[in-house]
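Chain and residue survey
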Amino acid sequence: MKSLRTFFARWDDARERAATVLSMNRRNLHYIYTRNQREHFPLADDKMLAKEVLVAAGVRMPETYRAYSYFFELRHLEHDLDAYHDFVIKPAQGSGGNGIIVIVGRSGRDWLGISGKIYTLYDLQKHISDIIFGVFSFDLGDRAIIESRIVQHPEMQELSPLGLADVRIIMCDDRPVMSMTRIPTRQSDGKANLHQGALGVAIDIASGITTHGRFLGESVERHPDSGINVIGRTLPFWPEIVELAKRAARAVPLKYLGVDISISPDGPQLLEINVRPGLEIQNVNERGMLSILQAMTMKGSVDGE
Amino acid sequence: MINKSGNARRGVYILVLAVMVLLPMSVTAYKLYVLDYPLAGLIPASSYKVEVSMQVDGHGEDIDIHTYLPKTDSRQSVDSEQNSSGVFTAELKSDQLNREALWKAENVRGTQSILYAYEVRARHVRYKIPADMTIPDSYPASLALYLVAEPGVQKDDPQIEAALRGIVPMEKPTILDAVTRIHRHLQDNLANRDFSGYTDALTALKLGEASCNGKSRLFVAFARKLNIPARLVGGLIMQQGSKRTSHQWVEVYINGHWVPFDTINDHFAEIPANFLTLYYGDLVLFKHTANVNFQYFFKITKQLVTQPDVQSALSQSVLNVTNFYAFFDRVGISQNLLKILLMLPLGALVTVVFRNVVGFETFGTFLPALIASAARDTGLMWGLVGFLAIILISAIVRRALDWLQLLHSPKMAIMLTTVVIVMMAITVGGVKIGLFELAHMTLFPIAILAITAERVALMEAEQGAMKVARITFMTLIVIAACYAVMESLFMQSLILAFPELLLVVIALNLWLGKWIGIRVLEFVRFRRLILDPQGMGSKA
């Protein structure tokens, strides 16, 4: 009898806590569909389009050098690239950090990738044509963007020695809800993608101090490769980062979105906005997001509840 | 502004939902209560597919083969007849009682075979014989031939007469008394012999043992001697498997009905649902030209089928489902195709439940339902194997082509070509080793193959082999679930009889479309947030 009562007590507790978690169905129905009109989705899905709008609103972003939409444009690729020492090639409609090549310099006639890999002209042409063909965008076609490479702030470089870390902030009605930084690992192959094995570190929005780490479904305090402690650090330029996120959110008609920001030595730069930000951030923060969202939208709620 | 349009949307949602539930429910209720649809029609019926295989060896002579084919009557219905007779031409004849098939060929050389197949659905019938009915003194002239002696039915033989007096000693027995005594005597006192040759009535009596034909002839002789019309029936006991043995039993004319008796299997005035009547009279099932090494066997496959035709006998109302299907029939859309079409929404609903309630990821929303309906022809297992084969081939070919460094579209085209070639190879291989389910693999709709192959290749490039393996596994489970629902005979009968229930499927999807609960797999994903009190922050 007693164990049964304990079971029900625990069951009730679990139910109560489950009510604080934002689920996929609820995120889609109550946050994405009600706050983001379908016709505005391309703004977030197409990085070129987003950049136009955001830069016009005064949001700092990496500079676009070139964009390729057709194969014939690739004939001049070598000539085009000669003008730049380092750059990033990415699909305009890619997701999850896929299809991105970071070039840090030349190696004879070839190019040197950030991981030390050598790219020939043919490699780059092939990669760009794959992008144009839509290999990375689940679509019929796409554009390839060549843009300036962000050099990481030294403090971030210490935190994330294997690649560019980004800061993800979930914005609802132009206000920050939850945030984390995603740090590439050997496991994630240099990508800041949690599902591919990047390290996620929760950030307290008010202070910019890191609170919890999560790597491959486990709580951690240290970077799995460098062994450096990632908890209790204050991110550089934190007030500026939050300000940038708010400015970006206000600039677009999307009212529930994920904002991805990188920190260079002279301040934060916005990488992209995401109209379907993932839910894993809750595990990284070890906290459900629904209770925060509900508290934020209590007044004049359009939540439908 | 948002609130206002939100309220309007909510109103429309509830209205549509109500219509989608109430409309089909009332149509169904109307059919059940006003049109009197039988619910029994929803229970699947047993059906038997009977294949008669015949084979001869010719040495240049003309060969005739003759047999009897079953007729549709009030107890058994025969359809989907197929004749595949090679060098033989087939000729069908029908008279009052029997249907005959005659296959003819000239100058036959070598081994030749004939396959005749049909599907049978039959009922179990039991007769009640009035207890006080006496044996009539005279019958209509048309029954005279069922009262006379025949070469195998020696009803006037003194030994048979004497035996009959011992079995039915009364001067004026009732019919019930007479047939009961004859039946019990033959069933209990004459041993069953598993002997396939011909036994006449007298021989059976003398030996005190007989197979079905001997007992039946003796039964007919006894009955006719008592002035009760009786006849032999030749047929087949339908059981899953292959057999050469046919069966004979008896029908006795009582009170205007031909009442069946089987004194081998002790069926008194009844006939089971798996008895197939092939012919009436003292006839031989197969006749053929001599010395051609004639071989035959019956292959019988039991299957469950829906019985939509139960509704066909019903009202002529526009809501009668049969009339509705007649439109499709008129333009040549088969009931089978219609069934696939009608079951697809259910498959999609199953997929939706798995995706939005359980939290599975699948290749597309329609793909599992489509694969499941493609698996109709191959069976579930080979359907899943085929699906896995496509995934595997796509993955392997993509890797190989990646290494060659080709552009995307030509790569996809090569992959599709490879998939098609492998599917054809599987079909040929299936026929060669006699696995005909496998041979139907080619019927996997090619569009589905194309979509699957491309999606798999893209996903593998984008998200890695592990992710593809996981989604493949989940998709397999969902395909199996779709198959279970879509191939369920009960569901098929239900939807065929009440197609308006598809609106309820829409209603369920409308409801699921607003369901904001936590998916089962999300409980697993966020288990620490839900189960571990330490991991929780305070509520903001």
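In the block above lies the structure referred to throughout.
Below is a short write-up of the structure. Keep in mind that this is a model prediction, so the values were computed, not measured. (Residues numbered from 1 in each chain as written. Chains lettered and ligands numbered in written order. Predicted model: local features only at pLDDT ≥ 70, side-chain atom pairs only at ≥ 80, totals over all residues.)

1. A look at the overall build of chain B
Across its full length, chain B holds 17 helices and 16 strands. Classification of the 540 residues of chain B by burial places 32% in the buried group. Long-range pairs, those at least 24 residues apart, make up 74% of the contacts in chain B between residues at least 6 apart in sequence. (Helix = DSSP H or I, 4+ residues; strand = E, 2+ residues; numbered from the N terminus. Buried ≥ 20, exposed ≤ 12 C-beta atoms within 10 Å, placed from the backbone. Contact = placed C-beta atoms within 7 Å.)

2. Focus on the overall build of chain A
Each helix and strand in chain A was counted, giving ten helices and 13 strands. Split into buried and exposed, the 305 residues of chain A put 42% on the buried side. Once local pairs closer than 6 in sequence are excluded, the contacts in chain A between residues at least 24 apart make up 59%.

3. Points about the pairing of strand E7 (residues 166-172) of chain A
All names here are of chain A. Within E7, six of the seven residues are buried, leaving the element largely enclosed by the surrounding structure. Two elements, E7 and strand E8 (residues 175-183), share seven bridges in a ladder whose sense is antiparallel. When the sheet's bridge partners are listed, Ile 169 is paired in E8 with Ser 179. What sits between the antiparallel neighbours E7 and E8 is a turn of two residues, in which Asp 173 has the positive phi angle 50°. Note: E7 against strand E12 (residues 256-264), six bridges, orientation antiparallel. Pairing of Arg 168 across the sheet is with Asp 260, part of E12. (Pairing = 2+ DSSP bridges.)

4. Considerations on the pairing of strand E10 (residues 210-215) of chain A
Along any regular strand, the residues point their side chains to alternate faces of the sheet. Residue and element names in this part refer to chain A. Counted residue by residue, E10 has five buried out of six residues, so it is predominantly covered. Counted between consecutive antiparallel strands, the loop separating strand E9 (residues 199-203) from E10 contains six residues, among which Gly 208 sits at a positive phi close to 75°. Examined bridge by bridge, E10 and strand E11 (residues 218-220) share three bridges and lie antiparallel to one another. If you follow Phe 215 over to E11, its bridge partner there is Glu 218. Between the antiparallel neighbours E10 and E11 lie two residues, among them Leu 216 with a positive phi of about 50°.

5. Observations concerning the sheet that holds strand E8 (residues 230-237) of chain B
Residue and element names in this part refer to chain B. Here five strands make up an open sheet; going across it, the order is E12-E11-E10-E8-E14 and the pairing antiparallel. Each edge of the open sheet is held by one strand with a lone partner, namely strand E12 (267-268) and strand E14 (275-280). Examined bridge by bridge, strand E10 (residues 247-254) and strand E11 (residues 257-262) share five bridges and lie antiparallel to one another. Across the sheet, Val 252 pairs through a bridge with Val 259, a residue of E11.

6. Description of helix H6 (residues 121-133) of chain A
Residues and elements named next belong to chain A. Here H6 contains 13 residues, and its C-alpha end-to-end distance of 18 Å stays within 8% of the 18 Å for a straight helix at 1.5 Å per residue. Among the residues of H6, those classed as buried are Leu 124, Ile 128, Ile 131 and Ile 132. Down the axis of H6, the buried set is contained in an arc of 100°. They therefore lie on one face. Turning to H6, the residues buried within the fold contact strand E1 (64-68), helix H5 (77-81), strand E2 (87-91), strand E4 (110-113), strand E5 (118-119) and strand E6 (144-147). Positive phi shows up at Gly 134, right after H6, with a value of about 90°. (Expected span 1.5 Å × (residues − 1). Arc of directions from axis to C-beta.)

7. A few points about unusual backbone geometry
All names here are of chain A. Its identity as a non-glycine residue notwithstanding, Asp 173 has a phi of 50°, on the positive side. Looking at the element boundaries, Asp 173 is found in the loop between E7 and E8. Despite not being glycine, Asp 174 has its phi angle at roughly 70°, a positive value. Mapped onto the secondary structure, Asp 174 falls in the loop between E7 and E8. Classification of Asp 174 by C-beta neighbours within 10 Å gives partly exposed; the count is 15.

8. Description of the packing of helix H2 (residues 158-167) of chain B against helix H5 (residues 212-225) of chain B
To describe two helices that pack against each other, one gives the angle between their axes and the distance between the axes. Residues and elements named next belong to chain B. Where H2 contacts H5, the axes come no closer than 10 Å and their chain directions differ by 75°. Between H2 and H5, the angle falls in the class roughly perpendicular. Together, Ile 160, Glu 161 and Leu 164 of H2 and Ala 221, Phe 222 and Lys 225 of H5 make up the contact between the two elements. For the contact of H2 with H5, the per-class residue count stands at four nonpolar, no polar and two charged. (Axes fitted to C-alpha atoms, helices over the stretch in contact; angles between N-to-C directions. Parallel < 35°, antiparallel > 145°, perpendicular 65-115°, else oblique. Nonpolar A, V, L, I, M, F, W, Y, C, P; charged D, E, K, R; others polar.)

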